[in-house]
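Working through the structure, step by step
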Amino acid sequence: MEMIKALKIVVASPSDVRMERDMLSDVVNELNVQVAIDHSLRLDLYRWETDTHPCFHLQGPQGVIDDKLRISDCDLLICIFWKRFGTPTGDSESGTEHEFKL
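Quick look at the structure, then. Note that this is a predicted model, so its numbers are computed, not measured.

Conventions adopted
- Residues numbered from 1 in each chain as written.
- Predicted model: local features only at pLDDT ≥ 70, side-chain atom pairs only at ≥ 80, totals over all residues.
- Heavy atoms only, no water.
- Helix = DSSP H or I, 4+ residues; strand = E, 2+ residues; numbered from the N terminus.
- Buried < 20%, exposed > 50% of the residue type's maximum accessible area, 1.4 Å probe, protein only.
- Contact = heavy atoms within 4.5 Å.

Description of unusual backbone geometry
Of note in the backbone geometry, S40 takes a positive phi value of approximately 55 degrees without being a glycine. By secondary structure assignment, the location of S40 is in the loop between α1 (18-34) and β2 (41-46). Under the relative-accessibility criterion, S40 is labelled buried at 10%. You will see that R70, though not glycine, has its phi angle at about 45 degrees, which is positive. Within the fold, R70 resides in the loop between α3 (60-69) and β3 (76-79).

What follows is the structure in structure tokens.
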């Protein structure tokens, strides 16, 4: 039996593209059912709004996102934009830019 390889996908995007992020979840689920399994893959999608939680972090909300999503460990980073670039962080113009740099 062949081992299934999990690929970690992280979505970096501001809050004004929630519908697109939700659609991406549907696309990844469909790929897992229709395509990935045939290639011994499983696509795991991580999003800040579903895989993090409110709490205190010395680096603010972005620090929580960094700790929980471990963006630098992902296999694929998908960035989605529309009218907003996101909320500024301590080192970037937005959380999305910060995540892209990681």
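A few points about the side chain of R21
Its place among the elements puts R21 in helix α1. Taking the relative accessible area as the measure of exposure, R21 reaches 1% and is therefore buried. When near neighbours in sequence (up to four residues on either side) are disregarded, R21 contacts V11, S13, P14, S15, R47, W48, E49 and I80.

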